[in-house]
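As a plain string of letters, each chain reads:
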Amino acid sequence: MLGQVSYEKHGGQSEVESRPGGEHARSRARRSRTAAWRVPAARTLPCRGSSSRAHRTWRSLMGKVVLVTAASTELGAATATALAGAGHTAYAGIGPSPGIPVAGLAELEKQALLPDRRLRPLALDVADQRSVSAAVREITAECGRIDVVVHGTGPVPRGPVECFTPYQLAQIYDAHVLTAQRVNRAVLPQMRERRDGLLVWMLPPADRAYEPSYLALHSEAVMLIDHLAVSYARELAGFGIEVCTIVSRACATDGGGPAGLVRPDDSETAWAYDGQYPGLAGRVDGALAQQVGTRMDVVRAVEAVTSAVDSPKGNRPPRIIAARPSDRA
């Protein structure tokens, strides 16, 4: 059970402590030291072990090995469950602060116990390189490889740009860009060696990403991720590794709800903006609430990811619009 999984402490200086940032960074670093979880021994896959003929036969029948980095969100959990149901071995990365209710985690745990599902909940803090590296080593030790990585979406910064502190900007950049970079750097060496693999990114549709009022930081983050995915696609093509971007309003379900909003720390400056533009913050929040994806949006996004994973190498589109007709662009 996930409730039985415990953190393991790591010594030494953390990645955050090595950067300037004052007491906030040191406090975050202390929390990061307890970032790497372990799946109970009963959960280990039967493909662990030698390169015997039986081992190779099992690997050939198990489908692809997929790491879903944000399975503690509604979209991520649904993606991992669907991939496992499609015959793949899906590792569901559960972060230290799950974005779905306890009931959702219990359902994920229940699905993992089904005999015909290869769903493996795995503790994964993408904000900590040691946790990421440990998770990748564990998966590789059990299955010999990672074929696919599915990246989730980050939180939505909402407010005037001036009101966000430099430390908050660093956190936003970390949540949207560095989290994926940590995982990619841990996984890509083995993919390059095999000359095979797939990276999947999920992004919200353009109308939400480029919303002008009080969402400039989110717009920049989405644009940066999109450009990052395109750059990875160009640079990895020679190694036989493919990249696919899924555009879906379901990303708003994960990042745009009340729990997924990042508000400015500088409340005094924010009050000044509220006085100058009364009611604007409330109208932006209302617009975000209307754009949060429905259950059908989540289904469309999950189907798009499953389709990309199932498609033969060389036949995957670089971009899949898994959105409503009004979102297509």
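Now for a description of the structure that goes with this document. These figures come from a predicted structure and were not determined experimentally.

Another point: the overall build of the chain. If you tally the helices and strands in the chain, you get 12 helices and 11 strands. Put simply, 80% of the contacts in the chain that link residues at least 6 apart link residues at least 24 apart. Approximately 15,100 Å² of the chain is accessible, and the part contributed by carbon and sulfur atoms is 55%.

This part is about the pairing of strand β4 (residues 89–94). Taking burial as the measure, the six residues of β4 include six buried ones, the bulk of the element. Where burial is concerned, the two faces of β4 agree: the one with T89, Y91 and G93 and the one with A90, A92 and I94 are both buried. Pairing of strand β3 (residues 65–68) with β4, which is carried by four bridges, proceeds in the parallel orientation. If you follow V65 over to β4, its bridge partner there is T89. The parallel pair β3 and β4, bridged by helix α3 (residues 74–85), forms a crossover whose chirality is right-handed. As paired elements, β4 and strand β5 (residues 119–123) share five bridges and run parallel to each other. Note on β5: the bridge partner recorded for A90 is L119.

With that settled, consider empty space enclosed by the protein. Unoccupied space between atoms shows up once a probe the size of one water molecule is rolled over them. Counting across every chain of the model gives two cavities of 30 Å³ or more. Considering the residues around the largest cavity, the lining is formed by 11 residues, among which A70, G76, H151, G152 and M202 are closest to the centre. Listing elements by their share of the lining of the largest cavity, those giving two or more residues are α3 and β6 (148–151). Residue classes in the lining of the largest cavity are distributed as five nonpolar, five polar and one charged.

Cut-offs and rules
- Residues numbered from 1 in each chain as written.
- Predicted model: local features only at pLDDT ≥ 70, side-chain atom pairs only at ≥ 80, totals over all residues.
- Heavy atoms only, no water.
- Helix = DSSP H or I, 4+ residues; strand = E, 2+ residues; numbered from the N terminus.
- Contact = heavy atoms within 4.5 Å.
- Areas by Shrake-Rupley, 256 points an atom, 1.4 Å probe, with all protein chains shown as cover.
- Buried < 20%, exposed > 50% of the residue type's maximum accessible area, 1.4 Å probe, protein only.
- Pairing = 2+ DSSP bridges.
- Right-handed = clockwise from strand over helix to strand, strands pointing away.
- 1 Å grid on protein atoms, 1.4 Å probe; cavity = no way out; pocket = protein on both sides within 12 Å on 5 of 7 lines; lining within 4 Å.
- Points joined across faces, edges and corners; volume = space filled by probe spheres on them.
- Nonpolar A, V, L, I, M, F, W, Y, C, P; charged D, E, K, R; others polar.

Everything listed here is a matter of geometry and, on its own, says nothing about what the molecule does.
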